[in-house]
Amino acid sequence: MITKRSVRFAFLLVAALCALSVSMSYLGAVTADQGSISAQAELPAEEREAIVGEQNNTTVFSTAPRGTTSGALVAYDTDGRTQYYNDSLTHYFDIDPVPGTTDSVEYVAGKDLSQTECPAIAPEGCSRIVVERVNLSTGEVDRELTRYSRKAVWHDVDRLNETHLLVADIGRDRVFVIDTETGIVEWEWDAQADIPLSEGGAFPSDWTHLNDVEYVGDGRVMASLRNQDQVVFIDMEEGYMEDWTLGEDNDYDTLYEQHNPDYIPEERGGPAVLVADSENNRVVEYQREDGEWVQTWEWQDSRVQWPRDADRLPNGNTLITDSDGGRVVEVNQQGEIVWSTEADTPYEAERLETGDESSGGESAERLGLDSRTTDDVQDEASNNERAELLVKGLYPKILLNGLLFMFPPWVGPLELTGMLVFVLTLLVWALAEFRWSRWDVSVSIRRPE
């Protein structure tokens, strides 16, 4: 016979198990505090300890703010020690190696400002957008450009030469070229000219979420329209190249709110596009064949969650930032992880002295890369990994990634589910106790005279 006491005990047991599981994850995150990276960076170089495994060249990556955590710029040298750490700005996005150097990078970042710091732009506050160069060894920073906006809306800049930048402007749904010396915009493509307003996100608040731009040569530009699930190409003289578009609005089998596509030209086995297919929780590559885009490679494992960058390295490996998975990983040509580091919501990563993004790598088709698909992950997963895959399957992809982004980095799918079950258990328990109590609620409605 089921009694009230046994039901109460069941409620208590479920709530306690959920609380214990989430607490253990939190304590584990505190023990492996990301702050140790910044602490190591403050020590003299000879006193720093290795945090990650050794690598052939320096790895530098940006992290995005999440919860109460600010973004940061992080670099590990070849022996795995912290070479550089800076979290003085709020948002860090695109990183590019500075040509002709071995330990300098250029990045675009933003800092949220108060109302008194920029009242003329936005009475409720704004962001300062900067393009800066930093020497990772000396820490010396040179500012190349400063702009102000209602929010940090430049996710990517691509340097064309010493004085001109190609910019991905989320806030105004455009790609443009700016002269950093004069501040004059010398070329512009406005997405409204060629993309239907009925596609993508809400207009004008976050319509395209144009998050990446790349000059691919021959006067052509490639841009990522995240909310349209498309990678588009623009001829700087002729305009929008519709027949080159990769993806289609709401065609989630091809791309689902992607980030940071890299173009691989014909001389390196292309034309091909390597892209972090974020909401599909995978990295994927498409090859241009007979005027169409054909999928030639895919990678994922049981942990990958909302990846936002992938670079093909000269050795055939692929460097991936796994944002909600909380790590940066390098996978070899067989799809195996050969180097990794834990990171709080990494956005973009670069392996220095290997070229900008995928400029030193070849296409998956030329390399004959082995794909790692959902079926492979299921077959190879441990019991714990199978449990995580099962939990992930309970949520719509975009909902899960959105919820995770609202919580601190230590909260993963299992922790999120534990929190939700804990709250739901308490609510149902409270309702049961109310039904068992002697209290009653009555509502009377009196007709007005």
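One can find the structure itself at the top, above this paragraph.
Quick notes on the rules
Residues numbered from 1 in each chain as written. Predicted model: local features only at pLDDT ≥ 70, side-chain atom pairs only at ≥ 80, totals over all residues. Heavy atoms only, no water. Buried < 20%, exposed > 50% of the residue type's maximum accessible area, 1.4 Å probe, protein only. Helix = DSSP H or I, 4+ residues; strand = E, 2+ residues; numbered from the N terminus. Arc of directions from axis to C-beta. 1 Å grid on protein atoms, 1.4 Å probe; cavity = no way out; pocket = protein on both sides within 12 Å on 5 of 7 lines; lining within 4 Å. Points joined across faces, edges and corners; volume = space filled by probe spheres on them. Nonpolar A, V, L, I, M, F, W, Y, C, P; charged D, E, K, R; others polar. Patch = residues over 30% accessible without salt bridge, like charges linked within 9 Å, V, L, I, M, F, W, Y side chains within 5 Å. Areas by Shrake-Rupley, 256 points an atom, 1.4 Å probe, with all protein chains shown as cover. Salt bridge = Lys/Arg side-chain N within 4 Å of Asp/Glu carboxyl O. Lys, Arg positive; Asp, Glu negative; His and termini not counted. Charge placed at Lys NZ, Arg CZ, Asp CG, Glu CD. Pairing = 2+ DSSP bridges. Axes fitted to C-alpha atoms, helices over the stretch in contact; angles between N-to-C directions.

Trainee: What is the right way to read helix H6 (residues 397-406) from this model?
Mentor: Residues lying three or four places apart along an α-helix face the same way, a consequence of the helix completing one turn every 3.6 residues. For H6, every residue scored as buried is listed here: Leu-400, Asn-401 and Leu-404. Angularly, the buried residues of H6 cover 95° about the axis, an arc narrow enough to put them on a single face.

Trainee: What exactly am I supposed to notice about the layout of surface pockets here?
Mentor: Remark: the empty space left among the atoms is shown by a probe the size of a water molecule rolled over them. There is about 520 Å³ of room inside the second largest pocket. Looking at the second largest pocket, it is lined by 22 residues, and the ones nearest its centre are His-209, Arg-226, Trp-306, Arg-308 and Phe-405. Going through the elements one at a time, strand E4 (91-97) and H6 are the ones with two or more residues in the lining of the second largest pocket. The element that contributes the greatest number of residues to the lining of the second largest pocket is H6, accounting for four residues. For the lining of the second largest pocket, a count of residues per class yields 10 nonpolar, six polar and six charged.

Trainee: Looking at this model, I keep getting lost on a negative patch on the surface. Mind explaining?
Mentor: Together, Glu-289, Asp-290, Glu-292 and Glu-365 line one region of the surface with negative charge. A relative accessible area of 31% means that Glu-289 is categorised as partly exposed.

Trainee: Mind showing me how you'd approach the sheet that holds strand E21 (residues 307-312) here?
Mentor: Working definition: the strands of a sheet are paired by backbone hydrogen bonds and lie parallel or antiparallel to each other. Sheet architecture is open: four strands sit in the order E21-E22-E23-E24, paired in antiparallel fashion. Every interior strand has two partners, whereas the edge strands, E21 and strand E24 (337-342), have only one. Put simply, the sheet's adjacent strands are angled 15° from each other on average, direction ignored. Bridge analysis of E21 against strand E22 (residues 318-322) gives five bridges, and the strand direction is antiparallel. Bridging from a neighbouring strand, Asp-311 pairs with Leu-319 of E22.

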